[in-house]
Amino acid sequence: MPAAVRRQIWVMFGAILLVMVGFGIVLPILPFLAKRFGASPLQMGLLITGWSVAQFVSSPFWGLCAERFGRKPVLLAGLAGYAVAFLAQALAPSYALLLAARVMGGLVSSSVLPSGQAIAADLTPPTERGAVMGLIGAAFGVGFLVGPALGGVLTVAGPETPFYAAAVASALSIPVVIRWVREPPVDDRRREAARLGAGGIAAALTSPERPLYLMALAATFGGSSLFSMLGYYAIDRAAATPTQVGIMFTAMGVGSVATQGTLVGRIARGGGEIPGIVWGFAGGAAGFAAVALARTVPALTAAVFLGSVALALIRPLVVALNSRTTTLGYGVSMGMQTAADSLGRTLGPLWAGSVYGVMPLAPFATAAAVYAAAAVVAVRMHRARVFRTPEPTRR
């Protein structure tokens, strides 16, 4: 790809990395702020899930805005709103205002993902899209690794410091996007999506790509179920220490980054997206089943590493296949993809938390069953050759 295109792809990587680091950087301090305001455990949970619910609700809207008003303006609006949201969290004098600021952050940050992914899809040919989406997906894994660790370090300077850092980083990214990112040319598909307006969401829900949205939902449902209950489970099942639990989360992050940065592109160019998605769901089912069966810290660490590799395969390949085959505008399709991801991140922890007290194995057994079912569906889709590859006409 030309140097100018590669530069813009890396800017998209940085923008999405910023969103994920910003999400994770405040996780270590949120429980302490919740306690400061006298919040209950349920209210603490709302500070996390409120963000994801807000993303689920607003992502399709931002996808439509990216079609009508342009990718770059929506991306810039998201980064600016992101900075304001974190500044509001730092200054919140009560739990209610902290929760409102968290919801605001979820609402505005959801504009960065569909607009950034749409720009990446616009810039890259179909044959390279798997590799590019793998790189974009690696931003999620890097953010998962860096965010909480950086937040823990910054809290030494005060509990509000991580929020200020996220706000400043977001504000500094705005001139970078203005300088280096160009608005992609409008194609027929984008023009039609802008004409449909809100009808584009209804079209997406009935489009041939609907199974891909459900796969994205299944993937993040299983992954967030593991993420939310892993600490409890490792302590209860294997008597893990806090350090060992931290190593498990690090193993998840390393597996995700390594897979998305090195394997996804090769798999997409080699056998295609669907076989990679099948292997991802099959491997995830095996990984979650192994988590349920593990009784020692090494076995549990190996199992969660396998699960993270599987999840890292699925998401960028689903995004790449969606962008390569959709008959809708990239903004609409990426907005629906982001909404499905957010819904999975909302439902997964809620389900896992509600059943863990009854049966600790249930969250992981359920995730394994969901992944196994998704693998079967993906195999059938591959055999039926469900997807076609329309290419837009640029004018």
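Residues numbered from 1 in each chain as written. Predicted model: local features only at pLDDT ≥ 70, side-chain atom pairs only at ≥ 80, totals over all residues. Heavy atoms only, no water.

### A closer look at the side chain of Ser170
Turning to step 1, where the next piece is worked out: Relative to the assigned elements, Ser170 resides in helix H8 (residues 161-180).
Turning to step 2, where the next piece is worked out: Look at Ser170 and you get buried, because its relative accessible area is 0%.
Turning to step 3, where the next piece is worked out: Ignoring any residue separated from it by four or fewer positions in sequence, one finds Ser170 in contact with Leu18, Leu79, Tyr82 and Ala83. (Helix = DSSP H or I, 4+ residues; strand = E, 2+ residues; numbered from the N terminus. Buried < 20%, exposed > 50% of the residue type's maximum accessible area, 1.4 Å probe, protein only. Contact = heavy atoms within 4.5 Å.)

### Some thoughts on the nonpolar core
Turning to step 1, where the next piece is worked out: Grouped together as the largest cluster of nonpolar side chains are 52 residues, with contacts concentrated most on Leu75, Phe86 and Phe163.
Turning to step 2, where the next piece is worked out: No other element matches helix H1 (residues 3-25), which puts twelve residues into this core.
Turning to step 3, where the next piece is worked out: Filtering out sequence-adjacent residues up to four positions away, Leu75 remains in contact with Met12, Ala15, Val112, Ser115, Ile119 and Val177.
Turning to step 4, where the next piece is worked out: Of all hydrophobic cores here, the second largest spans 44 residues; its members include Ala218, Ala219, Met248 and Phe288. (Core = buried A, V, L, I, M, F, W, Y, C linked by side-chain atoms within 4.5 Å.)

### Quick look at unusual backbone geometry
Turning to step 1, where the next piece is worked out: Unlike most non-glycine residues, Ala239 shows phi in positive territory, near 50 degrees.
Turning to step 2, where the next piece is worked out: Topologically, Ala239 is positioned in the loop between helix H11 (210-238) and helix H12 (242-262).

### Some remarks on the pattern of salt bridges
Turning to step 1, where the next piece is worked out: With the rule as written, the count across this model stands at four salt bridges.
Turning to step 2, where the next piece is worked out: Glu67 is the salt-bridge partner of Arg71, the closest N and O atoms lying 2.9 Å from each other. Glu67 carries the same exposure label as Arg71, and that label is buried.
Turning to step 3, where the next piece is worked out: In this structure, the salt-bridge partner of Arg315 is Asp341, at a minimum N-O distance of 2.7 Å. Of this pair, Arg315 sits in helix H15 (residues 297-325) while Asp341 sits in helix H16 (residues 330-356), and the two are 26 residues apart along the sequence.
Turning to step 4, where the next piece is worked out: A relative accessible area of 2% places Asp341 in the buried class.
Turning to step 5, where the next piece is worked out: Salt bridges here are not isolated pairs; linked through shared partners, they connect Glu67, Arg71 and Asp122. (Salt bridge = Lys/Arg side-chain N within 4 Å of Asp/Glu carboxyl O.)

### As for the packing of aromatic side chains
Turning to step 1, where the next piece is worked out: Considering all chains together, one arrives at nine aromatic pairs under this definition.
Turning to step 2, where the next piece is worked out: Judged by centre distance (5.9 Å) and plane angle (55 degrees), the ring pair of Trp51 and Phe86 falls under tilted. Pair noted here: Trp51 is in helix H3 (residues 41-69) and Phe86 is in helix H4 (residues 71-91), with a separation of 35 residues, a long-range link.
Turning to step 3, where the next piece is worked out: An angle of 85 degrees between the planes, with centres 4.9 Å apart, marks the rings of Phe288 and Tyr371 as edge-to-face. Taken together, the positions of Phe288 in helix H14 (residues 273-293) and Tyr371 in helix H17 (residues 362-384) put the pair 83 residues apart, joining distant regions of the chain.
Turning to step 4, where the next piece is worked out: On the accessibility criterion, Phe288 (2% relative accessible area) is buried.
Turning to step 5, where the next piece is worked out: Cluster of aromatic residues (ring-pair linked, three or more members): Trp51, Tyr82, Phe86 and Phe163.
Turning to step 6, where the next piece is worked out: Arg179 extends its terminal NZ or CZ atom over the ring of Trp180, reaching a point 4.1 Å from the ring centre. (Phe/Tyr/Trp six-rings, centres within 6.5 Å; stacked < 30°, edge-to-face > 60°. Lys NZ or Arg CZ within 6 Å of the ring centre and 35° of its normal.)

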